[in-house]
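Listed below, chain by chain, are the residues.
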Amino acid sequence: MAGGRALLLLLVSALLVQIRASEPLLYESFDEDFEGSWIVSKKDDYQGVWKHAKSDGHEDYGLLVSEKARKYAIIKELDQPVTLKDGTVVLQFEVRLQNGLECGGAYIKYIRPQDAGWDAKEFDNETPYTIMFGPDKCGSTNKVHFILKHKNPKTGKYVEHHLKFPPSVPYDKLSHVYTAILKPDNEVRILIDGEEKKKANFLSADDFEPALIPSKTIPDPDDKKPEDWDERAKIPDPDATKPDDWDEDAPMEIEDEDATKPEGWLDDEPEEIDDPEAAKPEDWDDEEDGEWEAPKIDNPKCEEAPGCGEWKRPMKQNPAYKGKWHAPLIDNPSYKGIWKPQEIPNPEYFELDKPDFDPIAAIGIEIWTMQDGILFDNILIADDEKVATSILEKTWKPKYDVEKEKEKAEEAAANADGLSEFQKKVFDVLYKIADVPFLAPYKTKIIDVIEKGEKQPNITIGILISVVVVFVTVLFRILFGGKKPVAPVKPTVEAKKPKVTETDGAGSSGDKDEKEDEKEETAAPRRRSRRET
């Protein structure tokens with residue numbers, strides 16, 4: 001009898017454990033209005049209005065960023081702090097950038113316990129957090145952040161540790177789910193829409209910057225390089241002299257005296273002629289627009305001839321050219337190597353078996369964005385990956401499938417004017433190229449070119465070639481050296497600018513610039529200005 005009772009208690013305990021394991025530690029679906037459970041910051045900087053709104057095309061509600069160019073801050077305090085030290089913890093939430101994201105954040109801050117007397121209405125960018133996670137895009141920044149604030153036990157100071165080479169933000173207006181899985185073996189995995197995009201180890205210096213565990217030694221800040229320290233590995237040979245027959249003034253190229261003018265060369269024909277089909281516009285005003293001149297076209301007579309215009313002898317390499325003379329380099333007998341200060345013990349060094357995570361006492365959204373239409377939904381904290389996957393499948397997947405089908409239908413209807421499926425794949429690859437770490441100095445320029453190409457699908461191939469040329473050039477210089485900077489990437493198209501008249505109107509400068517860009521890309525000039533010769 002006693003044994004049966006013990007078995008029953010064991011089964012009940014196992015069932016309770018199973019029920020608990022199947023429940024999230026926190027789940028916010030926004031099925032109900034957020035007022036009452038979430039607290040909007042009362043700080044003056046945060047004027048953005050949060051709304052309880054439906055996701056476009058769905059009956060599902062979320063927390064909406066409703067205005068452009070505003071700062072937003074809202075926080076929800078947990079009933080009990082969530083510890084991150086013992087087992088698996090899953091941080092997951094859904095974001096839909098309904099109007100895209102040109103410049104702004106859509107991340108969540110997982111707030112650590114605050115000092116006594118702290119008021120949630122004071123939540124702002126200075127409020128200490130444990131983890132910051134989620135998408136952020138502006139200028140050269142395009143990443144899904146994962147930042148851990150960790151306390152150095154030696155100094156007592158908190159240090160921000162950023163995940164190296166995080167995944168990029170998806171470039172569309174669909175719903176996406178961002179998941180961070182923290183494992184007890186120090187592993188962290190970043191998933192987008194349930195697909196793993198990044199795996200890292202909290203204690204690896206290769207995965208976080210700066211590393212959680214400081215180096216054992218540091219360069220001695222008081223050590224100074226001796227004045228007679230010679231770091232030159234090679235020096236000009238002091239005994240070398242310029243040869244008597246070395247002509248520094250000889251040009252690199254000279255005319256080819258053996259060249260002769262090709263037979264049939266049309267000396268009296270210009271390379272370009274006025275377009276005979278062009279006509280002066282009826283509304284052309286000579287006083288306002290200047291004397292009208294017909295546009296030029298290639299002279300058709302030159303197409304069949306070897307050339308037109310004044311013939312000149314071609315240039316060839318000068319066999320006498322030697323350039324500026326320099327003494328040859330020899331090994332420096334005084335060379336001592338590159339000087340480095342001596343290493344001393346790092347006073348901030350400590351050993352660590354696993355991160356000393358602070359608990360999560362609240363979740364907050366504190367962002368500054370130029371876009372509206374950012375919708376947060378299905379915010380989850382769980383200690384079971386299956387729970388997170390189950391909620392993703394039930395809440396996000398059906399919406400995403402509907403949005404994806406709608407997107408495909410819109411593409412099919414507008415593929416004549418918009419991006420084809422092939423072009424979208426090309427641009428997806430180009431964005432990934434832009435995220436390659438060694439291209440970081442050129443990332444802003446590359447992304448600018450790619451985004452311009454998305455607005456002008458007819459130059460897709462030109463954009464592809466431009467970005468690939470930059471990629472290969474930088475890679476070549478990394479492998480083989482070189483000091484010349486890479487030239488800025490430019491699309492192989494010239495935008496014709498219309499004549500713009502000054503108007504008075506409301507709207508942000510960003511809106512105005514965007515509209516002007518659209519005009520430049522789609523409008524043809526009404527009048528042709530004088531051709532520069």
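Thresholds applied
Residues numbered from 1 in each chain as written. Predicted model: local features only at pLDDT ≥ 70, side-chain atom pairs only at ≥ 80, totals over all residues. Heavy atoms only, no water. UniProt positions renumbered as here; feature names shortened; annotations may be inferred. Disulfide = S-S within 2.5 Å. Helix = DSSP H or I, 4+ residues; strand = E, 2+ residues; numbered from the N terminus. Buried < 20%, exposed > 50% of the residue type's maximum accessible area, 1.4 Å probe, protein only. Expected span 1.5 Å × (residues − 1). Bend = angle between axes of the 7 residues up to and from the residue. Polar contact = N/O pair within 3.5 Å; in protein donor to acceptor, adjacent residues only side chain to side chain. Salt bridge = Lys/Arg side-chain N within 4 Å of Asp/Glu carboxyl O. Core = buried A, V, L, I, M, F, W, Y, C linked by side-chain atoms within 4.5 Å.

Per an unreviewed UniProt entry, the recorded name for the protein chain is Calnexin, and the organism is Paspalum notatum var. saurae. Looking at the protein chain in UniProt, the text filed under Sequence similarities (unreviewed entry) is "Belongs to the calreticulin family." Of the protein chain, the UniProt comment under Subcellular location (unreviewed entry) reads exactly: "Endoplasmic reticulum membrane".

## A word on the state of the cysteines
Counted according to the given criterion, the structure contains two disulfides. A sulfur-sulfur separation of 1.8 Å characterises the disulfide bridge that pairs C103 with C138. Here the S-S torsion is close to -75°, and the disulfide linking C103 with C138 is therefore left-handed. Of the two residues, C103 sits in strand β7 (residues 103-105) while C138 sits in strand β9 (residues 129-138), which places them 35 residues apart along the sequence. On the accessibility criterion, C103 (24% relative accessible area) is partly exposed. Disulfide partner of C302: C308, at an S-S distance of 1.9 Å. Judged by the torsion about the S-S bond (-120°), the C302/C308 disulfide is left-handed.

## What to know about the environment of S466
Mapped onto the elements of the fold, S466 is located in helix α7 (residues 460-480). Looking at S466, the relative accessible area reads 12%, which means it is buried.

## Comments concerning helix α4 (residues 385-413)
In an α-helix, one turn spans 3.6 residues, which is why side chains three or four residues apart end up on the same side. The end-to-end C-alpha separation of α4 is 40 Å, in line with the 42 Å expected for 29 residues at 1.5 Å each. The largest bend in α4 amounts to roughly 40° and is located at W396, with the proline P398 lying one to four residues further along. When α4 is considered as a whole, its buried residues turn out to be V387, A388, I391, L392, W396, K399, Y400, E403, E407 and E411. The N-capping residue of α4, defined by a side-chain oxygen 2.9 Å from the backbone nitrogen of K386, is D384.

## So, the pattern of salt bridges
Two side chains carrying opposite charge are able to pair once their charged atoms lie near each other. On inspection of all chains with the given rule, the structure shows 26 salt bridges. Of the charged contacts, one joins R96 and E403 as a salt bridge, the two residues approaching to 3.5 Å between their closest N and O atoms. Taken together, the residues R96 in strand β6 (residues 89-97) and E403 in helix α4 connect sequence positions 307 residues apart. For R96, a relative accessible area of 9% translates into the label buried. Residues K399 and D377 are paired through a salt bridge, measuring 3.3 Å at the closest nitrogen-oxygen approach. Here D377 lies in strand β25 (residues 374-382) and K399 lies in helix α4, a separation of 22 residues in the sequence. D377 carries the same exposure label as K399, and that label is buried. The network of salt bridges with shared partners includes D60, E94, D377 and K399.

## Some words on the nonpolar core
Residues Y110, F133, F146, L182, F376 and I381 are the most contacted members of the largest nonpolar core, which totals 60 residues. Among the elements that take part in this core, strand β5 (residues 70-82) stands out by supplying six residues, more than any other. Among the nonpolar cores identified, the runner-up in size contains 11 residues, and I433, I446, I447 and V470 belong to it.

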